[in-house]
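Okay, here's what each chain looks like letter by letter:
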Protein chains: 4
Amino acid sequence: MNQISLESLNAADRGSFIAALGEVMEHAPWVAEVVYAARPFASLAALYRAMIDAVLKGGDARKLALINGHPELAVKALDSLTADSAAEQGGAGLDRLTPEELAAFQRLNEAYRSKFGIPFIICVRRHGRDSILRNFRQRLENDAATERDAALAEIFRIAALRLDLRVTAPDRLKVHGSLSTHVLDTSGGCPATDIAIELCEIPASGAARILARMTTNADGRTDQPLIAGRPVPIGSYELRFAVGDYFKRRGGVVSDPPFLGVVPVRFGVSEPEGHYHVPLLITPWSYATYRGS
Amino acid sequence: MNQISLESLNAADRGSFIAALGEVMEHAPWVAEVVYAARPFASLAALYRAMIDAVLKGGDARKLALINGHPELAVKALDSLTADSAAEQGGAGLDRLTPEELAAFQRLNEAYRSKFGIPFIICVRRHGRDSILRNFRQRLENDAATERDAALAEIFRIAALRLDLRVTAPDRLKVHGSLSTHVLDTSGGCPATDIAIELCEIPASGAARILARMTTNADGRTDQPLIAGRPVPIGSYELRFAVGDYFKRRGGVVSDPPFLGVVPVRFGVSEPEGHYHVPLLITPWSYATYRGS
Amino acid sequence: MNQISLESLNAADRGSFIAALGEVMEHAPWVAEVVYAARPFASLAALYRAMIDAVLKGGDARKLALINGHPELAVKALDSLTADSAAEQGGAGLDRLTPEELAAFQRLNEAYRSKFGIPFIICVRRHGRDSILRNFRQRLENDAATERDAALAEIFRIAALRLDLRVTAPDRLKVHGSLSTHVLDTSGGCPATDIAIELCEIPASGAARILARMTTNADGRTDQPLIAGRPVPIGSYELRFAVGDYFKRRGGVVSDPPFLGVVPVRFGVSEPEGHYHVPLLITPWSYATYRGS
Amino acid sequence: MNQISLESLNAADRGSFIAALGEVMEHAPWVAEVVYAARPFASLAALYRAMIDAVLKGGDARKLALINGHPELAVKALDSLTADSAAEQGGAGLDRLTPEELAAFQRLNEAYRSKFGIPFIICVRRHGRDSILRNFRQRLENDAATERDAALAEIFRIAALRLDLRVTAPDRLKVHGSLSTHVLDTSGGCPATDIAIELCEIPASGAARILARMTTNADGRTDQPLIAGRPVPIGSYELRFAVGDYFKRRGGVVSDPPFLGVVPVRFGVSEPEGHYHVPLLITPWSYATYRGS
């Protein structure tokens, strides 16, 4: 997707403007048309706010059409979705469902549509599969007005992420979280370097899935955050630190197997836009971890 | 198995004495016969020492016969073993091998017998399956004299455990280790009570196996140690503490999922006769663990 | 003071009974006389309860006399006090006051007596000097009825401690707290032995005062608790651990001065009957402490 | 003192150049004259290296004169020293000596001059008073050649710091250390804000001296490092964190006094050019600290 600067967007003609922002709201280029009239925008936040206001003032029919323009989760072939939707659903692992899971989604989709008359909408970039299913089941208990509002709220979250991808600006929307770590060797009073780290997603059932592999640098950190530049999907994670190999290289420990080999640190993420800094303080015989800042 | 006191054993006639101790050394009741003459024994340690000395002074032929009287690991039907051997091998999980694992053991047994002319002997109560396999492979690299000595050393370890089971005495042989824990809520300054704990064995490959389930009491400890009264088999373990449920009951934490749900603490055991105390200090956002005392 | 068993007390004649318990309530042997009639007592708690009930049912005149029978704090020569009062006040450091502190106590005593018509009574064994002064000032703000009740409550605390000193019984009154520690070397995975420890009292102003010096044993604990068999006076304390010397002996650390030399752990005690276990987890470059159990 | 950029220095005429750098080596403007010929300097490090080389190649007589050009410690009135020396000695507290301490310095000065024939030279900005005295006593045990070398090494350290003060350049000499902290509330999973912190110097004898007072910001750090832009003098320090006030403001703790009021963290500095990051992890009932990175 081509990125455009806010400055260029403010200077663009009507056609280019709509071409750039038409898909921010799924199948609803009229939103871009409405906000075109309000140029220039002093900030990305102002542009985003204008798009939300356009929807909120757009009348019930247009709101309903916007909601109904969204695909159901997991059930369509990805190539029948808009490029945005396909990328979003694939990112959440909805393209890797087992037949049983697919069937579960289909039943939920049907139950939801049958109860509320609209598709279930959720900003999948903010969720893991377990979290989508849990939300799905919880929201099925709501009443229709609540779900109409919930659908719009999720559409606005989706729009914020799409806008963030498309438009560069001096300000940023607060749509990204991060996950980072830092390993300190408190028996040596120094950063723990060259520690192999795996980041895994821990599903409610089934096997852990490795999301990233990194190694600590001279400062005990990873050169890049484990997750950055996107929301951290709600869910359960495990960092696995190869602590035993580190102390073996340092030459101090002789027990076989060592007391600490691979140290798993399991934690839950509930705020996709939050900063999760999860340090590890290690000795050959102890460790401590905490949510840092 | 009937237990007998050291006092009764010291007073027993020859037949009863040999009946009680004849199987301490596998298929070698002559060891019991030899030590019978040295009664009475001031302590269990003295009796054990006498049995070892009897073997060491018994001559090469008898030592070799003693070694050859031991079964190979894993390959015989358990009901063809002595009761002691069957219980020991079953305890180490050698009765739960997959066909591939069984084949691996058979290949190792053959390689070992073909190189050294004796069966591979190891005190299986001190080991998990991975640790037996690792020892097997390492010891195959040794020379014959080293392995003759290793076989006797393992036979003496087996004998110590069998003696400990059969004879009660004021003194005890140092053949047992222990595993215990203690959970403290450092955000509340109090023991963490009613925390569900699972103890799992973590094999080098394949799924974790739950060995015990316990719950912390009013002092943050388990009423019984997780392992006691036997060696702690060499291997890798994981304690899983249901910390999230604890703080949910305390009413303080609202994030969903919580930052800490189940806290896994993974550690290796290298000294089966060691005391492994593995405490956990928790808050809703941090924890620390260490090998305690 | 001679101790007497509850059994002997239950069997004692009137004179011996009153001789044993007459001073439990200051200058009020009539309380012992009243409870004499209720013998035998199934437990020390029952005897204590009976003495309290005797006071509470004794009528206003006797209660007031009991209150007025108590000495004022700090102002009398210790040898004019009952032996109990002298020992109690001396234990709280009221015999070591500077002229300024003595004057402060006299002003408070006068203000209190002038407002309430009774002496200020507090169970000094449960307090340090700062805590007595703070209580004194706070209680001066109360009304007369509140202070009448407070005086009796303190008299009952004093009585419980006196009873505990005089009478041995299978049960104990909950009048004692304790202070203990445990030092673990988490860089070595073992208890930290031979660590010199000082326990100091930290006054609100003025210099720290050393209360005890101990050394950790093979298990990283002190052979005796730092405080036991008495209340832990409310106040501020500091444990000072000679961690630098320990690691110097272990031979691992070279920096001069070491990062950690003497580690001070400062904490407040608010429950004199509480169990304060204050462990220290150390490496040459880090430490952690917490209220344990 | 006026600062000059390396660029201007490279372009300066002889007189200005010597005026700028003449006092970098105490009473030895000839060093600046020698290096003037080697202009331009690509970096501050190159200029510094050139000054050292000029001294090392300057011949024994000039070296000895350079050494003898330095004042003795502590004994002269500060206003008889060069401005640099006066500022340096005052910074180390040598202008606050008691008569006894002054006498001790005089005895050491005399002993040193009598043994080696030169004044005792040490880069006082890298030391606290205790550390100067300890070095003084240790170096008195050396032989003359060792001390001749030690004197030059200290002169070069002094020169590096003076050069760093006078000349701005894209590169910096590694002459500064730092001291910083970070307070995390691990019971709340957040930075601990508005915590009052005192940094104290802890002398071997006598009272602690407060060096700085700061308060943690929204990230749990201080806006400025506690020490930066200069060496951290070798010595013993204490950080005092007003943890009790923090938790009192948060409303959670009720015990009076609190278990944790002011938390003292005492540590030694042995590398004046090191980065000392000393974080504190707190709950109302526990804390941990370590040398971080």
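Residues numbered from 1 in each chain as written. Chains lettered and ligands numbered in written order. Predicted model: local features only at pLDDT ≥ 70, side-chain atom pairs only at ≥ 80, totals over all residues.

Let us now look at the overall build of chain A. Broken down by element type, chain A carries 10 helices and 13 strands. Overall size of chain A, expressed as C-alpha extent along the three principal axes, is 70 × 45 × 30 Å. For chain A, buried positions account for 40% of its 293 residues. (Helix = DSSP H or I, 4+ residues; strand = E, 2+ residues; numbered from the N terminus. Buried ≥ 20, exposed ≤ 12 C-beta atoms within 10 Å, placed from the backbone.)

We now examine the interface of chain C and chain D. On the side of chain D, 22 residues touch chain C, which itself brings 22 residues to the contact. Where the side of chain C that touches chain D is concerned, the elements lending two or more residues are β10 (262-269) and β13 (286-290) of chain C. The greatest single-element share of the side of chain C that touches chain D, amounting to 6 residues, is contributed by β10(C). Looking at the side of chain C that touches chain D, its residues break down into 12 nonpolar, 7 polar and 3 charged. (Contact = placed C-beta atoms within 7 Å. Nonpolar A, V, L, I, M, F, W, Y, C, P; charged D, E, K, R; others polar.)

Looking now at the interface of chain A and chain B. Across the boundary between the two partners, chain A contributes 22 residues, which contact 22 residues of chain B. Listed by contribution, the elements that provide at least two residues to the side of chain A that touches chain B are β10 (262-269) and β13 (286-290) of chain A. Take the side of chain A that touches chain B: its biggest share by element is 6 residues, from β10(A). Partitioning the side of chain A that touches chain B into residue classes produces 12 nonpolar, 7 polar and 3 charged.

It is worth spelling out the domain arrangement of chain A at this point. Assigned domains within chain A: domain 1 (4-168) and domain 2 (177-289). Looking at the side of domain 1 of chain A that touches domain 2 of chain A residue by residue, the class counts come to 1 nonpolar, 3 polar and 4 charged. (Domains from an automatic or database assignment.)

A rotation about some axis, followed by a shift along it, carries one copy of the chain onto the other. At an RMSD of 0.1 Å, chain A and chain B line up after a rotation of 180° and a shift of 0.1 Å along the axis. The superposition of one copy onto the other is thereby described by a two-fold rotation axis. In terms of proximity to the rotation axis, the leading residue of chain A is A288(A), whose C-alpha is 2.0 Å off the axis. When the interface residues of chain A are mapped onto chain B, 100% of them again fall at the interface, so both copies present the same face. (Least-squares fit on C-alpha atoms with pLDDT ≥ 70 in both.)

With that settled, the discussion passes to the sheet that holds strand β6 (residues 196-201) of chain D. To summarise the sheet geometry, strands pair through backbone hydrogen bonds and adopt either a parallel or an antiparallel arrangement. Residues and elements named next belong to chain D. Pairing is antiparallel in the open sheet, where 4 strands are placed in the order β7-β6-β9-β10. Taken across any chain shown, the strands that pair with only one partner, and hence form the sheet edges, are β7 (209-215) and β10 (262-269). Taken pair by pair, the neighbouring strands of this sheet meet at an average axis angle of 20°, ignoring direction. The pairing of strand β9 (residues 235-242) with β10 spans 8 bridges and is antiparallel. Its bridge partner lying in β10, F241 is registered against V263. Of the strands in this sheet, β6, β9 and β10 touch helix α10 (residues 243-250), which is tilted by about 15° from β9. (Pairing = 2+ DSSP bridges. Axes fitted to C-alpha atoms, helices over the stretch in contact; angles between N-to-C directions.)

A separate point is unusual backbone geometry. All names here are of chain B. Cis geometry is found at the peptide bond from R39 to P40, where omega equals -5°. Position of P40 among the secondary structure elements: in the loop between α3 (30-36) and α4 (44-56). One non-glycine residue, H27, lies in the positive phi region at around 50°. Within the fold, H27 resides in the loop between α2 (14-21) and α3. We classify H27 as partly exposed; it has 15 C-beta atoms within 10 Å.

All right, on to the environment of H182(C) then. Residue and element names in this part refer to chain C. Following the sequence through the fold, H182 ends up in the loop between β3 (177-180) and β4 (183-185). Put simply, H182 and P71 are 111 residues apart on the chain and 41 Å apart in space, counted from C-alpha to C-alpha. In contact with H182, other than residues within four places in its own chain, are G220, R221 and P279.

Right, let's talk about the environment of A20(D) for a bit. All names here are of chain D. Within the secondary structure, A20 is located in helix α2 (residues 14-21). Between the alpha carbons of A20 and L73 there is a distance of 25 Å; along the sequence they are 53 residues apart. Beyond its immediate sequence surroundings of up to four residues, A20 is in contact with I4, L9, A12 and R166.

All right, on to the packing of helix α3 (residues 29-36) of chain A against helix α4 (residues 44-56) of chain A then. Residues and elements named next belong to chain A. Packing of α3 against α4 brings their axes to within 9 Å, and their N-to-C directions diverge by 115°. Viewed along their axes, α3 and α4 form a crossing whose handedness is right-handed. In this structure, α3 uses V31, V34 and V35 to contact α4, whose residues at the interface are L47, A50, M51, A54 and V55. Split by residue class, the contact of α3 with α4 holds 8 nonpolar, no polar and no charged. (Left-handed = near helix turned anticlockwise from the far one by under 90°.)

The next subject is helix α6 (residues 83-91) of chain C. All names here are of chain C. Among all positions of α6, only S85, E88 and Q89 are buried. Seen along its axis, α6 keeps its buried residues to an arc of 95°; they face one direction. One or two steps after α6, the chain reaches G93, where phi turns positive at roughly 85°. (Arc of directions from axis to C-beta.)

All names here are of chain D. Across its 18 residues, helix α7 (residues 99-116) extends 25 Å between first and last C-alpha, which sits within 8% of the 26 Å expected from 1.5 Å per residue. Regarding α7, the residues found buried are F105, L108, Y112 and F116. The arc that holds every buried residue of α7, seen down its axis, measures 65°, which confines them to one face. Exposed residues pointing more than 90 degrees away from the buried face of α7 are listed as P99, E100, A103, R107, E110 and S114. Looking at the buried positions of α7, the neighbouring elements they touch are α8 (129-139) and α9 (144-166). (Expected span 1.5 Å × (residues − 1).)

Across the sheet, 8 strands lie side by side as β5(A)-β4(A)-β12(A)-β13(A)-β13(B)-β12(B)-β4(B)-β5(B); this open sheet has mixed pairing. One side of each edge strand has no neighbouring strand; the edge strands of this open sheet are β5 (190-191) of chain A together with β5 (190-191) of chain B. Pairing analysis gives 3 bridges linking strand β4 (residues 183-185) of chain A to strand β12 (residues 280-283) of chain A, with the strands arranged parallel. The residue bridging V183(A) from the neighbouring strand is L280(A), located in β12(A).

Taken as a whole, chain A shows an average pLDDT of 93; of its residues, 97% reach a score of 70 or greater. With pTM at 0.93, the complex prediction returns an ipTM value of 0.92. (pLDDT = per-residue confidence, 0-100.)

Turning to the pairing of strand β3 (residues 177-180) of chain D, a few remarks are in order. Residues and elements named next belong to chain D. Only one face of β3 is covered, namely the face carrying G177 and L179; the face carrying S178 and S180 is uncovered. Here β3 pairs with strand β8 (residues 227-230) via 2 bridges, running antiparallel. The partner of L179 across the bridge, within β8, is I227. Relative to strand β11 (residues 275-277), β3 runs parallel, the two being bridged by 3 bridges. Bridge pairing links S178 to H275 in β11.

Turning next to the environment of Y237(A). Residue and element names in this part refer to chain A. Along the chain, Y237 turns up in strand β9 (residues 235-242). Exposure remark for Y237: the 23 C-beta atoms within 10 Å place this residue in the buried category. Between the alpha carbons of Y237 and S114 there is a distance of 34 Å; along the sequence they are 123 residues apart. In this structure Y237 touches L199, C200, E201, I202, F267 and V269, once residues within four positions along its chain are discounted.

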